[in-house]
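# Analysis of the macromolecular model
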Amino acid sequence: MSALKRHERIMEILIASQEITVGELSDTLHVTGKTIREDLAKLEEMGLLVRVHGGAVLAQNDQYGILSGQGTNTKHMPEKSEIAERALHYIQPGDIIALDGGSTTLEIARRLPSMPLTVVTNDLFILSELARKEQVRLVVPGGERNRNMLVSSQAIEYVRGLNIHKAFVSSTALHPEFGLSIYTGDLVPFKKALVDTAQKVYGVIDHQKFGQFALWTFATCSELDMIITDSGLSSEHAKHFQQAGIPLDQAGA
């Protein structure tokens, strides 16, 4: 396993458990304790974790990866609900939209009315949610399952050939310099394809993720047409992104 893959797995484990020991990581990843300590030192340099005696804890407690088998991330649900309600204002009958995988886009799917609409998604939970809405046409790029996501190189090429009006993309973190980033590298090409292909790209990102960054960047802030966020975003963060020329739709503003 490459160092980047180990870093990715370490962050996924930390996201799930909040803290981990060197011994547990060594057993899980089948490498020496020395290698794990070197990995933790590198990740600490990047500001992603904090080393403690015998292990590490998350430096950013509100960072998430792809969803668990239950399809539910209950943290910050009021914020996700606010964002989903704002996102619905940008969706019109007849649109061809893409819903990227994630708990916020899943909330959009839950609130989306049954209306003539084409939805492109590789998220199994979103597919399950929309399958009961008879007027919604589903387009599934396909691929191999990675938890709740379908991923493959063929799916990426398929997406690049579509005419997508609007893409709603989720992110683990949003940073002025590092853009939109996630911890799972396998999902980066698909997210990039959505950003490159869609006529309009909406980042659906709750306020806790502003000013944070993860391992893999899949889009710069300038590639977004709009950031949709919740009412909890500070005026300082809002002003910073608006000054950078990025339109911001904040619930309650």
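For the structure itself, consult the block above.
Residues numbered from 1 in each chain as written. Predicted model: local features only at pLDDT ≥ 70, side-chain atom pairs only at ≥ 80, totals over all residues. Heavy atoms only, no water.

A few words on the overall build of the protein chain. Within the protein chain one finds nine helices and 15 strands. A compact globule built from 253 residues would reach a C-alpha radius of gyration of about 18 Å, and the protein chain, at 18 Å, matches this within 12%. Along the first, second and third principal axes, the C-alpha atoms of the protein chain reach 55 × 40 × 30 Å. Relative to its full complement of 253 residues, the protein chain shows a buried share of 56%. For the protein chain, contacts bridging at least 24 residues in sequence account for 61% of all contacts bridging at least 6. (Helix = DSSP H or I, 4+ residues; strand = E, 2+ residues; numbered from the N terminus. Rg over C-alpha atoms; globule rule 2.2 N^0.38 Å. Buried < 20%, exposed > 50% of the residue type's maximum accessible area, 1.4 Å probe, protein only. Contact = heavy atoms within 4.5 Å.)

As a further point, take the packing of aromatic side chains. A complete count under the given rule lists four aromatic pairs for this structure. Centre to centre, the rings of Tyr 90 and Tyr 202 are 5.0 Å apart; their planes meet at 40 degrees, and the pair counts as tilted. One end of the pair, Tyr 90, is in the loop between helix H4 (77-88) and strand E4 (96-99); the other, Tyr 202, is in strand E12 (residues 200-204), with 112 residues separating them in the sequence. Residue Tyr 90 shares its accessibility class with Tyr 202, and that shared class is buried. (Phe/Tyr/Trp six-rings, centres within 6.5 Å; stacked < 30°, edge-to-face > 60°.)

Bringing the sheet that holds E12 into the picture now. On the basis of which strands lie adjacent, the open sheet formed by seven strands has the order E6-E5-E4-E9-E12-E14-E15 and parallel pairing. Among the strands making up the open sheet, the edge pair consists of strand E6 (136-139) and strand E15 (248-250). The average angle at which neighbouring strand axes cross in this sheet is 20 degrees, direction not considered. Summarising the sheet, E12 and strand E14 (residues 226-229) pair through three bridges and their orientation is parallel. The partner of Gly 203 across the bridge, within E14, is Ile 227. (Pairing = 2+ DSSP bridges. Axes fitted to C-alpha atoms, helices over the stretch in contact; angles between N-to-C directions.)

A few words now on the packing of helix H2 (residues 22-29) against helix H3 (residues 33-45). Close contact between H2 and H3 brings their axes to 9 Å; oriented N to C, the two are set at 110 degrees. Taken together, the axes of H2 and H3 are roughly perpendicular relative to one another. Like other packed secondary-structure pairs, H2 and H3 cross with a definite hand, here right-handed. Mapping the contact onto sequence places Val 22, Leu 25, Ser 26 and Leu 29 in H2 and Gly 33, Ile 36, Arg 37 and Leu 40 in H3. (Parallel < 35°, antiparallel > 145°, perpendicular 65-115°, else oblique. Left-handed = near helix turned anticlockwise from the far one by under 90°.)

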